[in-house]
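Okay, here's what each chain looks like letter by letter:
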Amino acid sequence: MASSTPVLCIQSVEASKDHAYDISSIKSFVESNGLSTIPSNYHSLIDPLDREVADELGAFIPVIDFSFLTSDDPQFHGKGVQELGRACEEWGLFMVKNHGIQESLIEDVMKMSYKFHDMPVEEKSEFADKGVSTPIRCGTSFSPKVESVHYWRDYLKVMTHPEFNFPHKPAGYKELAFEYSRKTRAVVRKLLEGIAESLGLQPNAIIESTGFDSGLQIFAVNLYPPCPQPDLALGMPPHSDHGLLTLLTQNGIGGLQVNHKGKWVNVNPLPHTLIVNTGDQLEVVSNGRYRSVLHRAMLNNKDTRISLVTVNGPAFEKVIGPAPELLEKEEPFFRSMNYKEYFEIQQKTSFADKSGMNQIRINAQN
Ligand SMILES: O=C(O)CCC(=O)C(=O)O
Ligand SMILES: [Fe+2]
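Residues numbered from 1 in each chain as written. Chains lettered and ligands numbered in written order. Predicted model: local features only at pLDDT ≥ 70, side-chain atom pairs only at ≥ 80, totals over all residues.

Labelled according to an unreviewed UniProt entry, the protein chain appears under the name Protein DMR6-LIKE OXYGENASE 2-like, originating from Quillaja saponaria. According to its UniProt record, the protein chain has this under Sequence similarities (unreviewed entry): "Belongs to the iron/ascorbate-dependent oxidoreductase family." According to its UniProt record, the protein chain has this under Function (unreviewed entry): "Involved in the regulation of shoot development and salicylic acid (SA) homeostasis." (UniProt positions renumbered as here; feature names shortened; annotations may be inferred.)

Right, dumping it as structure tokens:
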């Protein structure tokens, strides 16, 4: 489509008036407007420094062999635990291989996720986002009503644990999502055992103290449509996740970047691996040793990207603080707080950083 016709110019100017709170889906907005430029209120990468990428570091993103963690052989197990601890400490993001979740399940959930986002806006309106405590919510950007810059993303966010909620359409999606939700929780549970061991705690210490077995799981299905000016907008701003561990798979299209020692690094997962990152509650439990990692989602102008994200946290009613065993030898860096309270604070922050953590940090230097 030619981009120099006056008609399209007018369209661009018109488009610049659009706010994410006026549209219910960036996907349908893009498809119905045939944009060649993006509205200016989607410009978030203004400073060229924000676009710099340290691609040479990508090859150092740790890969954890899950079969080492589940091994009965103490030597293999010990090696797995040690590598896991190092990955949490040095990167806060790693790939997991030999995790046992069937590729076909991930592919099937991915296909259904596309179908969900592809439904006409009216069909999804019953799920429209009505606030963070709503179990099923669907929308665009991040916080359309309060943010000044919008993000090129549609989302479906569902509380899939302790109670399993899910949209009843498209047919068959709910059943697949249930299986995916439970399998990812099992992987996360095992990782939390290994992480506890790497901190010198009993394997079940984090699971017990956080009430993980009745813990919160939020399943987010992110869809990032192709963006005509991918260097100007973001799919998701830099943020950390509120839970203990987040698990992510994607439809083969890259876009995730991790912040490593102040530099942005593209995450290009090896085939058949899951991506896992540390969340705020793990930073608290580990008393700052395993920091929650900043990450963001970039865009491209060709392919639709889908990421399936499960954020796995403590039980809402649990008061979470640094593990008492760690406080035998060190001062607490965080005050304890009920997870639900933390979740609500974190969801209200600007999101473009880790400012939720400032509410519970004791020592500002930490
Ligand atoms: O899509 C991605 O790569 C990142 C998504 C993410 O960080 C999230 O949903 O919290
Ligand atoms: Fe995230």
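Let's pick the thread back up.
S.K.: Outline the sheet that holds strand S7 (residues 245-250), listing residues and values.
M.R.: Spatial ordering of the open sheet is given by S1-S2-S10-S7-S12-S5-S4-S3, a layout of 8 strands whose pairing is mixed. The two strands at the open ends of the sheet, each matched to only one other strand, are strand S1 (63-65) and strand S3 (136-140). For this sheet, the mean inter-axis angle between neighbouring strands, taken without regard to orientation, is 25 degrees. Relative to strand S2 (residues 93-97), S1 runs parallel, the two sharing 3 bridges. Paired with Val63 across the two strands is Met95, which belongs to S2. With respect to the sheet, helix H5 (residues 103-118) is in contact with strand S4 (154-161), strand S5 (217-224), S7 and strand S12 (305-312), its orientation differing from that of S12 by roughly 110 degrees. (Pairing = 2+ DSSP bridges. Helix = DSSP H or I, 4+ residues; strand = E, 2+ residues; numbered from the N terminus. Axes fitted to C-alpha atoms, helices over the stretch in contact; angles between N-to-C directions. Contact = placed C-beta atoms within 7 Å.)

S.K.: Explain the site of ligand 1 residue by residue, including any values.
M.R.: Looking at ligand 1, the residues that line it are Ala220, Asn222, Met236, Asp241, Gly255, Leu256, His295, Ala297, Ser307 and Val309. Elements that contribute at least two residues to the shell around ligand 1 include exactly S5, strand S11 (295-297) and S12. Split by residue class, the shell around ligand 1 holds 5 nonpolar, 4 polar and 1 charged. (Near = placed C-beta within 6 Å. Nonpolar A, V, L, I, M, F, W, Y, C, P; charged D, E, K, R; others polar.)

S.K.: Mind laying out the environment of Ile61, listing which residues take part and the relevant values?
M.R.: Structurally, Ile61 can be placed in the loop between helix H2 (26-33) and S1. Taking the C-beta count within 10 Å as the criterion, Ile61 has 20 such neighbours and is therefore assigned buried. In the structure, Ile61 is positioned 253 residues away from Pro314 in sequence and 26 Å away in space, judged by C-alpha atoms. Look past the residues within four positions of Ile61 in its chain and what remains in contact with it is Trp91, Leu93, Phe94, Met95 and Val267. (Buried ≥ 20, exposed ≤ 12 C-beta atoms within 10 Å, placed from the backbone.)

S.K.: Give a detailed account of the sheet that holds strand S6 (residues 236-239), specifying residues and quantitative values.
M.R.: With antiparallel pairing, the 4 strands of this open sheet are ordered in space as S6-S11-S8-S9. Strands at the two margins of the open sheet, each flanked by one partner only, are S6 and strand S9 (263-266). Within the sheet, the average angular offset between the axes of one strand and its neighbour, ignoring direction, is 20 degrees. Here strand S8 (residues 256-260) pairs with S9 via 4 bridges, running antiparallel. If you follow Asn259 over to S9, its bridge partner there is Trp264.

S.K.: Could you give an account of the pairing of S4, with specific residues and numbers?
M.R.: Most of S4 is tucked away, with 8 of its 8 residues classed as buried. Of the pairings in the sheet, the one linking S3 to S4 comprises 5 bridges and is antiparallel in character. Each residue of the ladder has a partner; that of Arg137, found in S4, is Lys157. When S4 meets S5, the two strands line up antiparallel, connected through 7 bridges. Each bridged residue has a counterpart across the sheet, and for Tyr155 the counterpart in S5 is Asn222.

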